[in-house]
Amino acid sequence: ELYITRNFLTSLEGLAKACPNLEILDAAENKLGSVKRLQVALAPLARLAELRLVGNPLVANNSDNYRRRVGSAVPQLQYLDDEFLAEADRRLKEEG
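This section reports on the structure supplied with the text. Not measured: the values here are computed from a predicted model.

With that settled, the discussion passes to the pattern of salt bridges. Overall, the coordinates contain three salt bridges when judged by the stated rule. The salt bridge partner of Arg-6 is Glu-29, with a shortest N-O separation of 2.7 Å. Taken together, the residues Arg-6 in the loop between strand E1 (2-3) and helix H1 (15-18) and Glu-29 in the loop between strand E2 (24-26) and helix H2 (35-42) connect sequence positions 23 residues apart. Residue class for Arg-6 comes out exposed when judged on its relative accessible area of 57%. Using a relative accessible area of 38% as the deciding quantity, one classes Glu-29 as partly exposed. Its salt-bridge partner being Asp-82, residue Arg-52 comes within 3.0 Å of it at the nearest N-O pair. Here Arg-52 is found in strand E3 (residues 50-52), whereas its partner Asp-82 is found in the loop between strand E4 (79-80) and strand E5 (83-84), with 30 residues between them in sequence. A cluster of three or more residues bridged by salt bridges with shared partners is formed by Asp-26, Arg-52 and Asp-82.

Encoded structure:
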């Protein structure tokens, strides 16, 4: 478990190398703004099951499909912001 709330972090780069077996990450209330950068940082964490991101710009910036974007980007997650991540939350809506 790693609790890094309120540290003004803009990236989680290097986290997978430092904590390869991480299962629970609380990165709420930081300055994380990009789902793509989050995906690159967290995809290697195969055991990551719980993630808290509430209070980060990426939540507000992607308000319409935040859960889908993060669920799709980090498919190993089971819980996002203390709520179960259902299979429907992992699929981005088809456009068009």
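Tallied over the full model, the rule gives one aromatic pair. Both rings, one in Tyr-79 and one in Phe-84, keep their centres 5.8 Å apart while their planes meet at 75 degrees; by these two values the pair is edge-to-face.

Conventions we followed
Residues numbered from 1 in each chain as written. Predicted model: local features only at pLDDT ≥ 70, side-chain atom pairs only at ≥ 80, totals over all residues. Heavy atoms only, no water. Salt bridge = Lys/Arg side-chain N within 4 Å of Asp/Glu carboxyl O. Helix = DSSP H or I, 4+ residues; strand = E, 2+ residues; numbered from the N terminus. Buried < 20%, exposed > 50% of the residue type's maximum accessible area, 1.4 Å probe, protein only. Phe/Tyr/Trp six-rings, centres within 6.5 Å; stacked < 30°, edge-to-face > 60°.

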